[in-house]
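Survey of secondary and tertiary structure
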Amino acid sequence: MGGGRKRGRTQRRHFKQGRENVWKHNPQRPPAGEGGDEGREGNPSWQPFATENPAFEEYYKEQQIIPEEEWDGFMSMLRKPLPATFRINASCQFFQDICSQLENDFRKSLETEVSDEHEEEAIRPLPWYPGNLAWHLNFSRMQLRRNQALESFHEFLKRENEVGNITRQEAVSMVPPLFLNVEPDHHILDMCAAPGSKTFQLLEMIHQSTKPGLLPNALVVANDVDVQRCNLLIHQTKRMCTANLIVTNHEAQNFPGCNLAKFCSETCIDEAKLQRLEFDRVLCDVPCSGDGTVRKAPDMWRKWNAGMGNGLHRLQVEIAMRGMGLLKVGGRMVYSTCSMNPVENEAVVAEILRRCGDSVELLDVSNELPELARRPGLNTWKVRDRGSWFGVHEDVPRYRKSVISPSMFPSGKGSKDVEVNTDVVDADMKDSTDIGEGEQETHIANDDRNNGDKLKTEEKTEVDCESGEAPARHKRPVSTSIRTEHSDYPLHRCMRIVPHDQNSGAFFIAVLQKLSPLNENHVVDGEQNISKDKTGKLEKNLGSDKVSSEENIVHQQVVDDTNVLDGENNGGMDTESSKDKNDAKVIVNEAEKGQAGIRDRRRQQNGRWRGVDPVIFFKDEVTVKSIVSFYGIKDSFPLEGHLVTRNPDTSHVKRIYYVSKSVQDVLELNIKIGERLKITSLGLKIFERQSSKDGSPCTFRLSSEGLPLLLPYITKQILYASAADFQHLLQYRTIKFPDFVDAKFGEEASALLPGCCVVVLREGHQDIGSIATDPSAIAIVCWKGKTNLCVMVSPLDGKELLERISLRYGLKIPKLDKEKPNQEIAGSDEQPDSATEVDDQECFLPESKASDMEIPDAEEAE
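Rules and cut-offs
- Residues numbered from 1 in each chain as written.
- Predicted model: local features only at pLDDT ≥ 70, side-chain atom pairs only at ≥ 80, totals over all residues.
- Heavy atoms only, no water.
- UniProt positions renumbered as here; feature names shortened; annotations may be inferred.
- Buried < 20%, exposed > 50% of the residue type's maximum accessible area, 1.4 Å probe, protein only.
- Helix = DSSP H or I, 4+ residues; strand = E, 2+ residues; numbered from the N terminus.
- Pairing = 2+ DSSP bridges.
- Contact = heavy atoms within 4.5 Å.
- Core = buried A, V, L, I, M, F, W, Y, C linked by side-chain atoms within 4.5 Å.
- Polar contact = N/O pair within 3.5 Å; in protein donor to acceptor, adjacent residues only side chain to side chain.

An unreviewed UniProt entry annotates the protein chain as SAM-dependent MTase RsmB/NOP-type domain-containing protein of Urochloa decumbens. According to the UniProt record, the Sequence similarities (unreviewed entry) comment for the protein chain is "Belongs to the class I-like SAM-binding methyltransferase superfamily. RsmB/NOP family." Taken from UniProt, the Subcellular location (unreviewed entry) comment for the protein chain reads in full: "Nucleus".

What to know about the pairing of strand β31 (residues 779–784)
Counting buried residues in β31 gives six out of six residues, a clear majority hidden from the surface. Burial along β31 is two-sided: Ala779, Val781 and Trp783 facing one way and Ile780, Cys782 and Lys784 facing the other are all buried. Across six bridges, the pairing between strand β30 (residues 755–761) and β31 is antiparallel. Opposite valine 759, over in β31, you have isoleucine 780 as the bridge partner. The pairing of β31 with strand β32 (residues 788–791) spans three bridges and is classified as antiparallel. Its bridge partner being in β32, cysteine 782 is matched across the sheet by valine 791. In textbook terms, the turn of a hairpin is the stretch between consecutive antiparallel strands, and for β31 and β32 this stretch comprises three residues.

Remarks on the UniProt feature "binding site: S-adenosyl-L-methionine" (unreviewed entry) in the protein chain
Residues given the UniProt feature "binding site: S-adenosyl-L-methionine" (unreviewed entry) here are Cys192, Ala193, Ala194, Pro195, Gly196, Ser197, Lys198, Asp224 and Asp285. Over a stretch of 94 residues, the named residues converge on one spot in the fold, their C-alpha atoms separated by at most 13.1 Å. Ignoring anything within four residues of it in the chain, the contact list for alanine 194 reads Asn223, Asp224, Arg229 and Leu233. Along the chain, glycine 196 turns up in the loop between β5 (187–190) and α8 (197–208). The class for glycine 196 is buried, based on a relative accessible area of 0%. Those residues in contact with glycine 196 that sit more than four places away from it in its chain are Leu233 and Thr237.

Concerning the nonpolar core
Among the nonpolar cores identified, the biggest contains 85 residues, and Met324, Met333, Tyr335, Val349, Ile352 and Leu512 are the most heavily contacted of them. Broken down by element, this core gets its largest block of residues, nine residues, from helix α12 (residues 307–326). For methionine 333, the residues in contact, after removing those within four places along its chain, are Val282, Cys284, Ala320, Gly323, Met324, Leu327, Ile352, Ala510, Val511 and Leu512. The next biggest cluster of nonpolar side chains, apart from the first, holds 62 residues, and it includes Leu126, Tyr129, Leu180 and Ile188.

Details of the environment of aspartate 291
Position of aspartate 291 among the secondary structure elements: in the loop between β8 (279–285) and α11 (300–303). Looking at aspartate 291, the relative accessible area reads 0%, which means it is buried. Setting aside anything within four residues of it in sequence, one finds aspartate 291 in contact with Phe56, Tyr60, Met300, Trp304, Cys338, Ser339, Met340 and Asn341. Among the polar contacts made by the side chain of aspartate 291, one reaches the side chain of tyrosine 60 at a distance of 2.4 Å. There is a polar contact of 2.8 Å between the side chain of aspartate 291 and the backbone nitrogen of methionine 340.

Shown next as structure tokens:
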């Protein structure tokens, strides 16, 4: 339990480090140590980040991740700011318009700003990304603001990112999802999903492969251990407007196994065999030391030490093994990190292959994405600990063997069974730490902190947090030669992306395929993935009436209230470790005993997870019939079983969400097994309760997010406007019926029933019948009052739509006349309450609201 909390804090700490990703000096100025001594904008107190760390250079020179002759070029590139990159959402409504705008407008205007210090092209597609959907920009943020042309492009990027048409993301971060080979019917698990750029990329893939207006059969489950990171994840993926996503909040290494067979009696076991949650694809982008992001987060230079990677190794192995256990036979898992460290990369992959045996294969994907510059994985490496290098686990001092595990080494063998298969080689060794056994250890280095309760206190020494080494008074000389090993696994099939190959960040990717079921001794169910001593204590506690779930909650809350991220208490983490494991174990024991009644009593009305609203299937037939009748929704649109809410009291439901068939199946399974999944968000908001002073036959209005899905099936409360009237609606937001350019349109609007309606853009003399069935039609949600029509989309979305229409039809956008009478109707009785409100962030963790969070400017804050 303690280890889970500490690992959670580790992940949050690295997230917080990742958010410090702004270069605080002009990238045109030379870095520290190269003449960069002038203050920013004449500020004498400003100091640039130091882009040097001797321990970093020594470590990676020794690991030989690149040839010696390339070292200067490698380090020079690491000290330069990272170029901006972004990805176009190919499933968005204006995909073609955005591509045309980039090619014909911005690309030409930006070329005029290129100088000798830049590459030949100011902006270009990334050659290895399919369909020219990802773009590389050779300007910094400061340079984007330098003149009007660049400033205009910067505003374009910000606006399109906010509405979901593009995603600003580091180029190398886009790589792992591409190697999953996602198909339209795949169930996909993103184990460590926040901040959400890769999840958004996966959603793009499944929706891009489906015809517009239809839901794919695929499903994405995006998980993260941290509550506030889940909020960030929800904020990012909400831009996709998808009904095929479930966001969960679990420790990745203990992600629950949802197998109905374990909860059924012997009489129904055959029927339940097929009801289990497995995944066709698993993205295992694990928490890591993040040294591949130094160009984006230059403060990493100061923070880095070798212990960071050592401390995360075990957690990375646990998460990867859990992912492999959840993967279907024949499925593909991608393991990735934004670290260059072989202890976090090749060592973890080798341990997966070692544990899984012939059940898992490391795939050779060298023929996939051929234009992507990559280096093969290493087959030999060393481990550095407290100033000493080790080539085999046998050489690790006894008092450090609990921290430096055999799996960190190429052979993966411990002291008893080690076989050194190479000759002794010479190496320039640093002094090792002279530590007396039996003394109390002070855990200062990151490697100890990250290991949580797995570390035992055995010694005492001070360690420099930046270098990871002990003071000179604790050191003594050691041998200048060490034994080394080579791995027997084909680790050259892994890939390492290094910055100077293609002006990017660094990343590591390995693609694994599951060939057969795993040995149960290696991979077990989520809550059973605990050491035997912990399991024994857990069962003892569960068997005692004195230890209750409430006590576990209180204890966990006291601990977690001390954890702070960005100044906000992490109140939603109270059940993550103790209650997640304890409740899951309780349910398993009850199922084995056949005590279905006990399991039912545990499912309280407010849901199993404290602080998270339960997911309830919306079955209020009266309300559903009212909605169907008012909007004339066709019978061909499936509603039964697809509507969910988070409020058990249907009379007070504010929002109704729509879920795909794949999400519906997972929800039904989750209910049958006792709500083991802690679901923080899911579904597409499609209806929202709306009150008005004049009243309406239907108490629920349409949601802008759900309109594209529902539009082809609506037959009532729908209007078709010319380009001019549609533009005026978006521009003025409230227009009286007589003021429309097309008088007939104003008459049709006044004839509608009061309440919510839909206005569709009619292009030229297009037939109305064809527009109604066209899922790509441009439409907005409005409110029909006594005398006017009011737009019900957010100002940001309205502005984006207005500019798109103006560009498409060559319409000019005149400046608003502040004296125009119909702009002052905002406070009239003709509008519903909150008619022009911006939809709230959909997060179901009351303790931590996403609206209170600072959203990073860069999407991948890993």
